[in-house]
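# Chain and residue survey
Next come the chains, spelled out residue by residue.
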Amino acid sequence: LSIKGSSVNAIIGTTGIGKTTLIDLLLGFYTPSEGKISFSRRIYDSHSDTCLIGYVCQNVSYTNDSIIKNIAFGITDGNINFERVDEITKQVQLDEHISSLPEGISSTIGDNGIKLSGGQLQRVGIARALYKEPKVLILDEATNALDMETEKKLFQSLKSYYPAMTIICITHRLSTINHCNEIFYLTKNNIQNINLLDRKDKENYIKEIVKKVKKDD
């Protein structure tokens, strides 16, 4: 399995096939029993020698605090970069909703984000992952609560603001795969790599792939 830099990739497959396990291996949560995982040096922070990966899981944890504290999560008040937060909220299409709130970015989101919709919460989670400007962004079903138009604008924004960033999406969603350059189709004994850039019939081809995954699920 080889993922190119500065690309948008979809990892697909039936339920339980190992998509999230594959991501857990990439994140270092597990040690591979065979083989090895290698990263390009360009995605490392030269100061801390750590790999710069942003990860948005299926069930992001939120605190009953302000929107800004949930985006700049774990950052002390005096060290929050307010300009950065403002940039990100625009990038993830949250700025209009925030501007409509009486307390704006300082508005609280309630227990487990109850004051926000599912799609708004997902965008807070993505904003949190973007705060430190990762070189790789992993989205595990992280846009499935967004309507197609908002999701389209989100991906256009990510590609525009972060052209060098590598994006990896675990998804069952046709609209998400449409934004990708490549598909990695996990089956029981194989990983099929499908390049979408050169396909003239891209949309119909993706429909057939998604249909096959659903049929086998």
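The sections below set out a description of the structure shown in this document.

What counts and what doesn't
- Residues numbered from 1 in each chain as written.
- Predicted model: local features only at pLDDT ≥ 70, side-chain atom pairs only at ≥ 80, totals over all residues.
- Heavy atoms only, no water.
- Salt bridge = Lys/Arg side-chain N within 4 Å of Asp/Glu carboxyl O.
- Helix = DSSP H or I, 4+ residues; strand = E, 2+ residues; numbered from the N terminus.
- Buried < 20%, exposed > 50% of the residue type's maximum accessible area, 1.4 Å probe, protein only.
- Core = buried A, V, L, I, M, F, W, Y, C linked by side-chain atoms within 4.5 Å.
- Contact = heavy atoms within 4.5 Å.

## Side note on the pattern of salt bridges
Enumeration according to the criterion identifies 9 salt bridges in this entry. Of the charged contacts, one joins E151 and R173 as a salt bridge, the two residues approaching to 3.4 Å between their closest N and O atoms. Taken together, the residues span a long stretch of sequence, with E151 in helix α6 (residues 148–161) and R173 in the loop between β4 (166–170) and α7 (174–177) at a distance of 22 residues. Across the pair D201 and R199 runs a salt bridge whose closest N-O atoms are separated by 3.3 Å. On the basis of relative accessibility, which here comes to 38%, the residue D201 falls in the partly exposed class. Among the charged side chains, a network of salt bridges with common partners joins D65, K69 and D77.

## Considerations on the nonpolar core
By size, the foremost hydrophobic cluster in this structure holds 47 residues, and its most contacted members are L130, L137, L139 and I183. Of the residues forming this core, the biggest block, 6 residues, is contributed by helix α5 (residues 118–130). Residue contacts for L139: discarding those within four places in its chain leaves V56, I126, F155, I167, I168, C169 and I170. Core analysis: the next-biggest nonpolar cluster, separate from the first, contains 11 residues, I23, I43, I168 and L186 among them.

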